[in-house]
Amino acid sequence: MSITSSSRPFTQSLVAAAPEAPGVFALWHGGGIVYYGRTSTIRIALDEQLRARTLSAKRVTGCSWEVVADPEQRQGELLRDYAAAHHSLPLWNDPQRLPTD
């Protein structure tokens, strides 16, 4: 699965199948990426996001991930590439644009 070009439905069954490995993940809404995260365990991070988003009006419709040895470095690359293409950071990575409700 490409982290930047496709997502899968953000469901409990998909999260349960996510790898227990370090990596980066993307949360999608309305066909676009709204957040890039990094984690030491993809499955745990996605499970936490799924539970948090279930309680929020800000629904995530999809997710994608990459297993990588250096999640911090890869997240930085993804954020730089996104900013270069869109002239901004993904919505939830930008403190100026974070939802308040």
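So, a few notes on the structure that sits alongside this text.

### What about the pairing of strand 3 (residues 32–39)?
Then, number 1: Bridge count for strand 2 (residues 23–29) against strand 3 is seven bridges, and the pairing is antiparallel. Paired with Ala-26 across the strands is Tyr-36, a residue of strand 3.
Then, number 2: Between the antiparallel neighbours strand 2 and strand 3 lie two residues, among them Gly-30 with a positive phi of about 60 degrees.

### Some thoughts on the side chain of Arg-74
Then, number 1: Structurally, Arg-74 is set in helix 3 (residues 71–86).
Then, number 2: Polar contacts involving the side chain of Arg-74 include one to the side chain of Glu-66, which spans 2.8 Å.
Then, number 3: Setting aside its immediate chain neighbours within four residues, Arg-74 contacts Ile-3, Val-24, Glu-66 and Val-68.

### Quick word on the sheet that holds strand 2
Then, number 1: If you trace the four strands from one edge of the open sheet to the other, you get 1-4-2-3, paired in antiparallel fashion. Edge positions in the sheet fall to strand 1 (8–9) and strand 3, since each has one partner strand and no second.
Then, number 2: Lying over the sheet, helix 3 contacts strand 2, strand 3 and strand 4 (62–67), oriented at roughly 160 degrees with respect to strand 3.

### Overview of the nonpolar core
Then, number 1: Counting 15 residues, the largest nonpolar core has Phe-10, Phe-25, Leu-27, Leu-46, Cys-63 and Trp-65 as its most contacted members.
Then, number 2: Mapped onto this core, the elements with two or more residues apiece are helix 1 (12–17), strand 2, helix 2 (42–54) and strand 4.
Then, number 3: When residues in this core are grouped by element, the largest group, four residues, is from helix 2.
Then, number 4: Beyond its immediate chain neighbours, meaning those up to four positions away, Leu-27 contacts Phe-10, Gly-32, Ile-33, Val-34, Tyr-35, Leu-46, Gln-49, Arg-53, Val-60, Gly-62, Cys-63 and Trp-92.
Then, number 5: The next biggest cluster of nonpolar side chains, apart from the first, holds ten residues, and it includes Ala-26, Val-68, Leu-78 and Tyr-82.

What counts and how
- In every chain, residue numbers begin from 1 and rise along the written sequence.
- Per-residue local features of the predicted model are confined to residues with pLDDT of at least 70, and side-chain atom pairs are confined, for both listing and counting, to 80 or more; whole-chain, interface and lining totals are unaffected and use all residues.
- Just so you know, side-chain values use all the structure's heavy atoms and leave hydrogens and water out.
- Should DSSP find at least two bridges between two strands, the strands are regarded as paired.
- Runs of H or I in DSSP of at least four residues are treated as helices and runs of E of at least two as strands, each being numbered from the N terminus.
- Polar contact is the term for a pair of N or O atoms within 3.5 Å; when the atoms are in protein, one must be able to donate a hydrogen and the other to accept it, and sequence-neighboring residues count only if both atoms are side-chain atoms.
- Residues are treated as being in contact if the distance between any of their heavy atoms lies within 4.5 Å.
- Helix axes are fitted only over the stretch in contact, all axes being lines through C-alpha atoms; the angle between N-to-C directions runs from 0 to 180 degrees.
- Nine residue types can take part in a nonpolar core, namely buried Ala, Val, Leu, Ile, Met, Phe, Trp, Tyr and Cys, and a core is a set of them joined through side-chain atoms within 4.5 Å.
- The buried label goes to any residue with under 20% of its type's maximum accessible area, the exposed label to any with over 50%, and the partly exposed label to all in between, with areas taken from a 1.4 Å probe on protein chains only.

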